[in-house]
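Listed here are the chains, written in short residue letters.
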Amino acid sequence: MTTTSDQPLRAAPDTFARREWPRAAWYAAAYDVEVGAHLLPRTVAGASLVLFRTPSGEARALENACWHRLLPLSEGKLLGDEVMCGYHGLRYDADGRCTFMPSQKTVNPSARVRSYPVVERHRFVWVWTGDPADADPAAIPDLHWNDDPAWAGDGRLIHVECNYKLIVDNLMDLTHETFVHGGSIGHRSVAESPFEVTHGKGTVTVTRWMIDVEAPPFWARQLEWRGAPAGNVDRWQIIHFTPPGTIAIDVGVAPTGTGAPEGDRSQGVNGFVLNTMTPESATSTHYFWAFARKYALTDQRITTLLRDGVSGVFAEDEEVLAAQQRAIDAHPEKDFYNLNIDGGAMWARRMIDLMLAAEDDSYAAAGAQAERDIAEHDRTDAGDGGEREVARARAEAKRARSGS
Amino acid sequence: MTSTFVGARVRAVRAVADEVRQVELVPDDGARAYPPGSHLDLALEVDGLPVVRSYSVVGAAPEDGAYRIAVKLLPDSRGGSRRVHGLAAGDRLELRHPTSHFELDPRRPGYLLVAGGIGITPLVGMAEVLARRDAPVRLVYAGRRRAAMPFVDHLRSLLGDDAVVTAAGEDGERLDLAAEVAALHPDGEVYVCGPPRLTDGVRACWAAHGRPARRLRTETFGTGGRHPTEPFDVEVRDHGLTVHVPRDRALLAALHDAGVDMVWDCLRGECGRCTVSVLGGGTVVDHRDVFLDATEQDESARLCACVSRAVGGRLAIDTGYRA
């Protein structure tokens, strides 16, 4: 009997199998406070970088390997706006050009280390890992809540032992709050309420409203700080994804019936959970987050309490995510299954795949290459085996074109 | 991570009943053991387009290094069964090794296997395994005409009187499902494979006997609906376009062809990831999925684009695209 559908869609898009990240993207490499007049090593999207600030305050990112014998430059010294290798004293300017070589009068003009485009925005030092000519600061994901005077907050960087897409999955569906964060933000209503997933060009939005529910401890406390009456609330989570790894979540609660679902949030408390995930390797991620709130803007006590509170919540995720990655590595033969709740994650991964397809020649040109192979075969091998190969290559080319 | 296609050779093709052909497939890298209830995927070319079809594997193990599938020529076919019936010994194609979505729990104190027509295929291997272990098992095998029902003799030799075969069109025998369910051990399981009418019937009977839903196992019969397959038009409001869905294309495939970006996963109507919202239209939706429950299917606010379709006419949908 036939058990499946009949369309030429071969299989699910292999988004859940692929562990790549796009190169042509801005990645948060560090929090602003991490980068100063010292050498900070950090691997961003597989590239080993050294970050520092010049005396004029500009953040810079260089390839973290001396041109000469590849010693990490981060093992050397920062001398003003020059980096000196800690092995033989070669020096590089802030653009990566070598300015000094020992025991010779000249400097080989080709000596340099790669310099990465850097832009500081919304409290993050962003690095572009693609072709520098394509680095457009307008493409930096919007996390303005992080330094907008209308908001107050702070955050942290955590190093998570998992692929960055697992964190994307985690944030694109908050059902897990019920099961992972039962003591703080979790509530059964999160796992029970319906949600809507929409997508646009390079965006995915997941919207979930929980009407007339009990406020979990994290929110009850904030309502109290704000002086709002106790009682049931209308709670919202509106998740905005920008590929490859930025997620801003509009969250909050308002006393039920005060009009929040209709747009009047004035009686409630509103925050933004800001997240940007930078892949370090296929199985580790720099996870930058912040929590920004829209009330009691000058109360530093609340800023600290919220930052520490969210830290505790995310530590629970960290454990789950690392365990999940270990399980994935232990079961390379297994695929993920997708549930209803995974709609947002699937669309997010689709957006990442589209970025990859746009820049990955081997992927986009697979069909074209197969066609060229066919032409080669047609010319060089008229034998029986050749015909078989041609038919196979032709079928593969067709599949590559029709596949997702 | 997804297993890939491998080359395979057709070793033999033979008729095992009217309009049912059994095909023996020898994969280039050798046939592997598989759990009962498994299916394999074939990469076929139909009308110049590559398609993937899944077929249950017949029998508990490969036979002399070959996987066996049995395929009925369907008049309503979208080309797959026609293509398989066109295969001859020596032909080459590609397949994915068997995997199971319909696994047999080996530890139940009793089993009831229910097959409708060609839905017998995954149950043959189960019957073989259970008979070999002397497990308490009954098989109910319903069809229209006996001559169109494969493997009857084999199943009788395995199970004797515990294989009940009825051909409704000939001897007018009626299935006494209620009696079969009543006779099954309280912790027993039922395994059903057949058209939705049969699955619906077994599910209702199972519930009426107060049996737990998790003890009823079904194989999704993706191509069959409660209504005939008709072409229809779909108005994709969020994209501002209208797409024609021919009789031989799934809604999901037609949307995909028209450039409507969609996500999907199982392609069997199980995961619900390709569901679209139904905004209206004066037509009936033939829900062929197992993701939406009966109430949701009645409401028809959503449908699974991979398997479900409108019964002709015009349907307005929303895929969640916001420009």
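Keep in mind it's a predicted model, so treat the numbers as computed, not measured.

Enquirer: Help me understand the overall build of chain A, please; the structure alone is not making it clear to me.
Expert: A tally of helices and strands in chain A yields 9 helices and 18 strands. When contacts within chain A are restricted to residue pairs at least 6 apart in sequence, those whose partners lie at least 24 apart make up 58%.

Enquirer: Which parts of the structure should I look at to understand the overall build of chain B?
Expert: Within chain B one finds 8 helices and 18 strands. In summary, chain B has a C-alpha radius of gyration of 20 Å against a globular reference of 20 Å for 323 residues, a match within 12%. With the C-alpha coordinates aligned to their principal axes, the bounding extent of chain B is approximately 60 × 50 × 40 Å. When contacts within chain B are restricted to residue pairs at least 6 apart in sequence, long-range pairs at least 24 apart make up 68% of them.

Enquirer: What is the right way to read the domain arrangement of chain B from this model?
Expert: Often, the extent of an interface is quoted as the loss of accessible area on bringing the components together. When cut into domains, chain B gives domain 1 (6–100), domain 2 (111–218) and domain 3 (232–318). Distance from the C-alpha centre of domain 2 of chain B to the C-alpha centre of domain 3 of chain B: 32 Å.

Enquirer: Just to check I follow, could you spell out unusual backbone geometry for this structure?
Expert: With the exception of glycine, the majority of residues adopt a negative phi angle, and the majority of peptide bonds are in the trans configuration. Here the amide bond leading from Pro-243 of chain A into Pro-244 of chain A is cis, since omega sits at 5°, within 30 degrees of zero. The residue Pro-244 of chain A is located in the loop between β15 (233–242) and β16 (246–255) in this model. A positive phi angle, close to 60°, is found at Ser-103 of chain A, a residue other than glycine. Among the structural elements, Ser-103 of chain A can be located in the loop between β8 (98–100) and β9 (115–116). Even without glycine at this site, Phe-151 of chain B takes up a positive phi of about 70°. Assignment of secondary structure puts Phe-151 of chain B in the loop between β8 (137–143) and α3 (152–159).

Enquirer: Got a minute to help me understand the sheet that holds strand β4 (residues 59–63) of chain A in this structure?
Expert: Paired through their backbone hydrogen bonds, the strands of a sheet run either parallel or antiparallel. Residues and elements named next belong to chain A. Reading across the sheet, the 4 strands line up as β2-β3-β4-β9 and stay open at both edges, with antiparallel pairing between neighbours. In this open sheet, the two strands that pair with only one neighbour each are β2 (40–44) and β9. With 5 bridges joining them, strand β3 (residues 47–53) and β4 adopt antiparallel strand pairing. Looking at β4, one finds that Leu-51 is bridged to Ala-61.

Enquirer: Please clarify how the sheet that holds β8 of chain A should be interpreted in this entry.
Expert: All names here are of chain A. Read across the sheet, 4 strands follow the order β5-β6-β7-β8 without closing on themselves; strand pairing throughout is antiparallel. Only two strands of the sheet have a single partner each, and these edge strands are β5 (77–79) and β8. In this sheet, strand β6 (residues 82–84) lies alongside β5 in antiparallel orientation, the contact comprising 3 bridges. Across the sheet, the residue bridging to Lys-77 is Met-84, located in β6.

Enquirer: Teacher, can you tell me more about the packing of helix α1 (residues 164–172) of chain A against helix α5 (residues 300–330) of chain A here?
Expert: Each pair of packed helices gets described by two things: the angle between the helix axes and the distance between those axes. All names here are of chain A. Two numbers describe how α1 lies on α5: the axes approach to 10 Å, and their chain directions differ by 130°. Here α1 is positioned oblique relative to α5, judged by the angle of their axes. The hand of the α1/α5 crossing is right-handed. Residues Leu-166, Ile-167 and Asn-170 of α1 form the contact with α5, whose own contacting residues are Asp-317, Leu-321, Gln-324 and Gln-325. Its residues assigned to classes, the contact of α1 with α5 shows 3 nonpolar, 3 polar and 1 charged.

Enquirer: Got a minute to help me understand helix α2 (residues 121–132) of chain B in this structure?
Expert: It helps to recall that an α-helix has 3.6 residues per turn; residues three or four apart then point in one direction. Residue and element names in this part refer to chain B. A rise of 1.5 Å per residue sets the reference length of α2, with its 12 residues, at 16 Å; its end C-alpha atoms lie 18 Å apart and thus fit the reference within 8%. Along α2, the residues that are buried comprise Thr-121, Pro-122, Leu-123, Val-124, Gly-125, Met-126, Ala-127, Val-129 and Leu-130. Asp-134 occupies a position one or two residues after α2 and carries a positive phi of about 60°.

Enquirer: Help me understand the pairing of strand β5 (residues 67–72) of chain B in this model?
Expert: The two faces of a sheet get side chains in turn, since along a regular strand they alternate between them. All names here are of chain B. The element β5 is largely enclosed, with a buried count of 6 among its 6 residues. Burial along β5 is two-sided: Tyr-67, Ile-69 and Val-71 and Arg-68, Ala-70 and Lys-72, pointing in opposite directions, are all buried. With 6 bridges connecting them, strand β2 (residues 20–27) and β5 associate as antiparallel partners. What sits directly across from Val-23, in β5, is Ile-69.

Enquirer: Would you take a moment to explain the confidence of the model for chain B for this structure?
Expert: Parts of the model with low pLDDT should not have their predicted coordinates read in detail. Summary statistics for chain B give a mean pLDDT of 90 and a share of 94% for residues scoring 70 or more. What the predictor reports for the complex is a pTM of 0.78 with an ipTM of 0.73.

Enquirer: Just checking my understanding: could you explain the pairing of strand β9 (residues 163–167) of chain B for this structure?
Expert: Looking at chain direction, β8 of chain B and β9 of chain B are connected through 5 bridges and run parallel. Bridge assignment links Gly-143 of chain B to a residue of β9 of chain B, and that residue is Ala-167 of chain B.

Enquirer: Is there a simple way to think about the nonpolar core in this case?
Expert: In a soluble, globular protein the nonpolar side chains are often hidden away together inside. Ranked by internal contacts, the top residues of the largest apolar core, which has 124 residues, are Ala-29, Leu-51 and Val-127 of chain A. For this core, the leading source of residues is helix α6 (residues 343–359) of chain A, giving 7 residues.

Enquirer: Honestly, the packing of α1 of chain A against α6 of chain A in this entry has me stumped. Any pointers?
Expert: Residues and elements named next belong to chain A. The geometry of α1 relative to α6 is characterised by a closest axis approach of 8 Å and an angle of 140° between their N-to-C directions. One way to sum up the angle between α1 and α6 is to call them oblique. In the packing of α1 onto α6, the handedness of the crossing is right-handed. Along its contact with α1, which presents Lys-165, Val-168, Asp-169 and Met-172, the element α6 presents Gly-344, Ala-345, Ala-348 and Arg-349. Here the contact of α1 with α6 is composed, by residue class, of 4 nonpolar, 1 polar and 3 charged.

Enquirer: Got a minute to help me understand helix α4 (residues 217–226) of chain A in this structure?
Expert: Residue and element names in this part refer to chain A. Every buried residue belonging to α4 is among Phe-218, Trp-219, Gln-222 and Leu-223, and all of these are buried. The arc enclosing the buried residues of α4, seen along the axis, measures out at 130°, which places them on a common side. Buried residues along α4 sit in contact with β15, β16, β17 (269–281) and α5. After α4 finishes, the residue Gly-227 shows a positive phi value of roughly 80°.

Enquirer: How do you make sense of the environment of His-331 of chain A when you look at a structure like this?
Expert: Structurally, His-331 of chain A is set in the loop between α5 and α6. Distance in space between the C-alpha atoms of His-331 of chain A and Ala-135 of chain A is 38 Å, their sequence separation being 196 residues.

Enquirer: Please clarify how the confidence of the model for chain A should be interpreted in this entry.
Expert: Residue and element names in this part refer to chain A. Confidence along chain A averages 86 in pLDDT terms, with 84% of residues attaining 70 or more. Between residues 1–17, whose pLDDT stays under 50, and residues either more than four places distant or in other chains, the model counts 72 contacts. Taken as a whole, residues 362–404 scores under 50 in pLDDT and shows 33 contacts with residues more than four places along the chain or in a different chain.

Enquirer: Whenever I open this one, the environment of Trp-151 of chain A confuses me. Can you help?
Expert: Mapped onto the fold, Trp-151 of chain A is located in the loop between β11 (124–128) and β12 (152–160). Not counting the four nearest positions on each side in its chain, Trp-151 of chain A is found in contact with Trp-145, Phe-272, Ala-292, Arg-293 and Lys-294 of chain A.

Enquirer: What am I meant to see in the environment of Gly-312 of chain A here?
Expert: Residue and element names in this part refer to chain A. Structurally, Gly-312 can be placed in helix α5. Owing to 12 C-beta atoms within 10 Å, Gly-312 belongs among the exposed residues under this scheme. Residues Gly-312 and Glu-224, spaced 88 residues apart in sequence, show a C-alpha to C-alpha distance of 20 Å.

The rules we used
Residues numbered from 1 in each chain as written. Chains lettered and ligands numbered in written order. Predicted model: local features only at pLDDT ≥ 70, side-chain atom pairs only at ≥ 80, totals over all residues. Helix = DSSP H or I, 4+ residues; strand = E, 2+ residues; numbered from the N terminus. Contact = placed C-beta atoms within 7 Å. Rg over C-alpha atoms; globule rule 2.2 N^0.38 Å. Domains from an automatic or database assignment. Pairing = 2+ DSSP bridges. Axes fitted to C-alpha atoms, helices over the stretch in contact; angles between N-to-C directions. Parallel < 35°, antiparallel > 145°, perpendicular 65-115°, else oblique. Left-handed = near helix turned anticlockwise from the far one by under 90°. Nonpolar A, V, L, I, M, F, W, Y, C, P; charged D, E, K, R; others polar. Expected span 1.5 Å × (residues − 1). Buried ≥ 20, exposed ≤ 12 C-beta atoms within 10 Å, placed from the backbone. pLDDT = per-residue confidence, 0-100. Core = buried A, V, L, I, M, F, W, Y, C linked by C-beta atoms within 7 Å. Arc of directions from axis to C-beta.

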